[in-house]
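Structural overview
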Amino acid sequence: NAGVMQNPRHLVRRRGQEARLRCSPMKGHSHVYWYRQLPEEGLKFMVYLQKENIIDESGMPKERFSAEFPKEGPSILRIQQVVRGDSAAYFCASSPGQGFNEQYFGPGTRLTVT
Amino acid sequence: QKEVEQDPGPLSVPEGAIVSLNCTYSNSAFQYFMWYRQYSRKGPELLMYTYSSGNKEDGRFTAQVDKSSKYISLFIRDSQPSDSATYLCAMSYGGSQGNLIFGKGTKLSVKP
């Protein structure tokens, strides 16, 4: 049973470009969460999604960042016009359902903005 | 005051030692408490989760929650070099609020 999958594992973008990070949840999981980990910082929640629905985006920066989880296909975290401060590890987690369930994390995408 | 406080370490112990890792928190509304292990440049791996106060044991790991003191602990018995990693505590309000609030992590090194 495959775990949470994220791709790409490493992504390099120049300032001003767009970054698209993909996450496929564990089989049977319908809830996806995105977190960001900055150097020397803990994991910070960004957004919580179900299929075709954003449940909580309170941790998402107001500009340039968006997320979706379509009916078919992976969840996408999109960062437009990247800046150096966006360089971080972005982790996706999934859980089976609403309310608390254990969250299982993927290996992360390491974004470097040059 | 941060919501979740965790001593970053580093913590270095000899192989076979009992390790104690701790977090304190400020919000009494937290209901669920978790410990994750993160190896360098990898994703966090769920080790233990507990609901409300009490103890939970799984092999060499014991998680303890004291809600009256707003204090949680993870004990590792008979520590091994393979336990060397960063340990993250995390908490959740539960219900429809699914996001986890993490401590910054404690870096543990177990020396052979």
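Going by the structure above, here's the rest.
Here goes a summary of the coordinates provided. Note that the structure is predicted; figures quoted are calculated from it, not measured.

Analysis parameters
- Along each chain, the written sequence defines residue order, and numbers are assigned to residues from 1.
- Chain labels run from A onward and ligand labels from 1 onward, assigned in the order the entries are written.
- Thresholds applied to this predicted model are a pLDDT of at least 70 for local features of residues and 80 or more for the giving and counting of side-chain atom pairs; totals over whole chains, interfaces and linings are not thresholded and use all residues.
- Excluding hydrogens and water, the side-chain values take into account all heavy atoms of the structure.
- For the exposure calls, accessible area comes from a 1.4 Å probe over protein chains only, and a residue counts as buried if that area is under 20% of its type's maximum, exposed if over 50%, partly exposed in between.
- Comment: elements are numbered from the N terminus, with helices defined as DSSP H or I runs of at least four residues and strands as E runs of at least two.
- Note on pairing: two strands pair once DSSP finds at least 2 bridges between them.
- Lines are fitted to the C-alpha atoms to define the axes, a helix being fitted only along its stretch in contact, and any angle between axes, read from their N-to-C directions, falls within 0 to 180 degrees.
- Here, a salt bridge means any side-chain nitrogen of Lys or Arg that lies within 4 Å of a carboxyl oxygen of Asp or Glu.
- We call a pair of cysteine sulfur atoms a disulfide when they lie within 2.5 Å.

**Section: the pairing of strand β11 (residues 106-111) of chain B**
Residue and element names in this part refer to chain B. Side-chain alternation along β11 places T106, L108 and V110 on a buried face and K107, S109 and K111 on a face that remains uncovered. Judged from the 3 bridges that link them, strand β9 (residues 85-92) and β11 form a sheet pairing that is antiparallel. Paired with A85 across the strands is L108, a residue of β11.

**Some words on the sheet that holds strand β8 (residues 75-79) of chain A**
Residue and element names in this part refer to chain A. The strand order across the open sheet formed by 4 strands is β1-β3-β8-β7, and the pairing between neighbours is antiparallel. Since the sheet does not close on itself, it has two edges, and those belong to β1 (5-7) and β7 (65-68), each with one partner. For this sheet, the mean angle separating the axes of adjacent strands, direction not counted, is 15°. Bridge count for strand β3 (residues 19-24) against β8 is 5 bridges, and the pairing is antiparallel.

**Quick notes on the pattern of salt bridges**
Residue and element names in this part refer to chain A. Applying the stated criterion to the full structure yields 7 salt bridges over all chains. In this structure, R78 engages E18 in a salt bridge whose closest nitrogen and oxygen atoms are separated by 2.9 Å. Of this pair, R78 sits in strand β8 while E18 sits in the loop between β2 (10-13) and β3; the two residues are 60 residues apart in sequence, bridging distant segments of the chain. Taken together, the salt bridges that share partners define one network made up of E18, R20 and R78.

**Some words on the state of the cysteines**
Residue and element names in this part refer to chain A. Inspection of the entire model under this criterion finds 2 disulfides over all chains. In this model C23 forms its disulfide with C92; the gap between the sulfur atoms is 1.8 Å. For the disulfide bridge between C23 and C92, the dihedral angle about the S-S bond is near -45°, and by the sign convention the bridge is left-handed. Taken together, the residues C23 in strand β3 and C92 in strand β9 (residues 88-95) connect sequence positions 69 residues apart.

Function-wise, these values are silent; they only describe arrangement.
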